[in-house]
Amino acid sequence: MKATILGAPRDIRLEDVPDPTLVAPTDALVRVTAACVCGSDLWPYRGINEVAEPTRIGHEFVGIVEEVGAEVRSLRPGDFVIAPFKYSDGTCPHCRVGIQTSCVRGGFWGGPDRDGVMVDGGQGEYVRVPLADGTLVATREVPGDDLVPSLLALSDVMGTGWHAAVAARVQEGDTVVVVGDGAVGLSGVLSAARMGAERVIAMSRHASRQAIAREFGATDVVEVRGEDAVAAVNELTDGVGADAVLECVGTDESMQTAIAVARPGATVGYVGVPHGIEYPVRDLFSRNVGIAGGVAPVRQYLPQLRDDVLSGAINPGLVFDLEVPLADVAEAYAAMDERRAVKSLVRP
Ligand SMILES: [Zn+2]
């Protein structure tokens, strides 16, 4: 089969790799029908994360179950399934409390499992899915093509934006600030609006991203950064600040902005992978501002968000502004790297 390989920084290619087969009785074999490129795929692509040797890549995909192992109970061939960005068993102590990203038997796509057997990356034609019952979420029927982008968005960005809103404890009627206008930040806007926030202030300097944010429910847009952004939120909220803040970037500047716009007693829900952040503990203490969040257990939110997509309540697939065939996967990366695209969808 064909699968995407990152050979070295900025060297993305489609190569022939061995066809996956069922290995464990808990495995499923999935034919990928759509996959996408994540902002976090750009770190090794840009060489920010070291690429020691050529590696399979891609952790966001949907597809059709081709085959299941003897112990798989919840899936059968022909099912349309959504894969979260990590696999998990659904039964260990951490899965049972909804933190499937810490599953004791779980792992990432695109590398060996705990027995040393390759688990395929998502940007390829087929994937061997370990722990299929715990990992995959199926739809009752195979959805129409128009719904595929929104279902695919649940594999990572929408679930991650949702987690930011859950961690920030967004309540009905709240004023919410979302820091970050990437696919996750935009999904955070959609999540806050879906949870009943009355006012959603999106921070964005890009017209195309502002338009998606408005579509997703943003009531206000702040175009400036840093201290100017804090002043702008201060003015918009009559000096009170935000009831909940979603930090969807992970830089020190974005975190300091998020903390500064939080009203006393508010929580900053953070899902941006932290790079060089230092918390102002005295300020957090004196204003009772909490920090919560982390790597998003998107598997926990998948059933609910799947139903919301199928009912038409949410349409997170709007974050995709480029679609290419798998053969052009290198362009999917280049477009995001050069900021010509917010998020790229790839079709095998
Ligand atoms: Zn587990």
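Novice: Looking at this structure, how should I read the sheet that holds strand 14 (residues 199-203)?
Specialist: Sheet strands pair by backbone hydrogen bonding; their relative direction is either parallel or antiparallel. Spatial strand order, 15-14-13-16-17-18: 6 strands in an open sheet with parallel pairing. Across the chains shown, the open sheet's two edge strands, defined by having one partner strand only, are strand 15 (220-222) and strand 18 (290-293). Direction aside, neighbouring strands of the sheet carry axes that sit 20° apart on average. With 4 bridges joining them, strand 13 (residues 175-179) and strand 16 (residues 242-247) adopt parallel strand pairing. When the bridges of strand 16 are listed, Val179 appears paired with Glu247.

Novice: Explanation requested: the environment of Val184 in the structure shown.
Specialist: Along the chain, Val184 falls in helix 6 (residues 183-194). Leave out the neighbours within four places in its chain, and Val184 touches Val157, Thr160, Gly161, Cys248 and Val271.

Novice: Would you mind going over the nonpolar core with me for this structure?
Specialist: Taken as a class, soluble globular proteins show a tendency for nonpolar side chains to be buried jointly. Counting 48 residues, the largest nonpolar core has Leu154, Met158, Val170, Val176 and Leu246 as its most contacted members. The greatest single-element share of this core, amounting to 6 residues, is contributed by helix 6. For this core, the domains that each give at least three residues are domain 1 (2-156 + 297-347) and domain 2 (159-293). Beyond its immediate sequence surroundings of up to four residues, Met158 is in contact with Ala153, Ser187, Leu190, Ser191, Leu305, Ile314 and Pro316.

Novice: What's the story with the coordination of the zinc ion in this structure? I'm lost.
Specialist: When a metal holds four donors in a tetrahedron, each ideal angle between them is 109.5 degrees; when it holds six in an octahedron, the ideal angles are 90 or 180 degrees. At this site the zinc ion is bound by Asp89 (OD), Cys92 (SG), Cys95 (SG) and Cys103 (SG), with donor distances of 2.1 to 2.3 Å. One can describe the donor arrangement at the zinc ion as tetrahedral, given that its 4 donor atoms subtend angles of 92 to 125° at the metal. Written as a sequence motif, the donor residues of the zinc ion are D-x2-C-x2-C-x7-C. Note that Cys92 is positioned in the loop between strand 7 (86-87) and helix 2 (93-96) and Cys103 in the loop between helix 2 and strand 8 (107-108), a separation of 11 residues in sequence. As far as burial versus exposure is concerned, Cys92 and Cys103 are alike and both buried.

Novice: Would you mind showing me how to read the packing of aromatic side chains here?
Specialist: We describe a pair of aromatic rings using the distance from one ring centre to the other and the angle between the two ring planes. In the structure shown here, the tally under the stated rule is 3 aromatic pairs. Ring geometry for Tyr45 against Tyr333: centres 5.2 Å apart, planes inclined by 35°, an arrangement best described as tilted. Taken together, the residues span a long stretch of sequence, with Tyr45 in helix 1 (residues 42-45) and Tyr333 in helix 12 (residues 329-337) at a distance of 288 residues. Per residue, the accessibility class of Tyr45 equals that of Tyr333, and both read buried. The structure contains a cluster of three or more aromatic residues connected by ring pairs, namely Phe61, Tyr87 and Trp109. One residue, Lys86, lies across the ring of Phe108, its end atom 4.5 Å from the ring centre.

Novice: I would appreciate a short explanation of the domain arrangement of the chain in the present structure.
Specialist: Accessible area lost on assembly of the parts is the figure often given for the size of an interface. Segmenting the chain into domains produces domain 1 (2-156 + 297-347) and domain 2 (159-293). The partner domain 2 presents 18 residues to the 21 residues of domain 1 that form the contact. With both chains or domains summed, domain 1 and domain 2 bury close to 1600 Å², and 66% of this area falls on carbon and sulfur atoms. Connecting domain 1 to domain 2 are 1 salt bridge. Between Arg194 and Asp308 there is a salt bridge, with its nearest N and O atoms 3.1 Å apart. The tally of links from domain 1 across to domain 2 stands at 4 residue pairs in polar contact (both at pLDDT 80 or more).

What counts and what doesn't
Residues numbered from 1 in each chain as written. Predicted model: local features only at pLDDT ≥ 70, side-chain atom pairs only at ≥ 80, totals over all residues. Heavy atoms only, no water. Pairing = 2+ DSSP bridges. Helix = DSSP H or I, 4+ residues; strand = E, 2+ residues; numbered from the N terminus. Axes fitted to C-alpha atoms, helices over the stretch in contact; angles between N-to-C directions. Contact = heavy atoms within 4.5 Å. Core = buried A, V, L, I, M, F, W, Y, C linked by side-chain atoms within 4.5 Å. Buried < 20%, exposed > 50% of the residue type's maximum accessible area, 1.4 Å probe, protein only. Domains from an automatic or database assignment. Donors = N, O, S within 2.8 Å, 3.2 Å for Na, K, Ca; no water. Tetrahedral: all angles 85-135°; square planar, octahedral: opposite > 155°, others 65-115°. Phe/Tyr/Trp six-rings, centres within 6.5 Å; stacked < 30°, edge-to-face > 60°. Lys NZ or Arg CZ within 6 Å of the ring centre and 35° of its normal. Buried area = accessible area lost by both parts, 1.4 Å probe. Salt bridge = Lys/Arg side-chain N within 4 Å of Asp/Glu carboxyl O. Polar contact = N/O pair within 3.5 Å; in protein donor to acceptor, adjacent residues only side chain to side chain.

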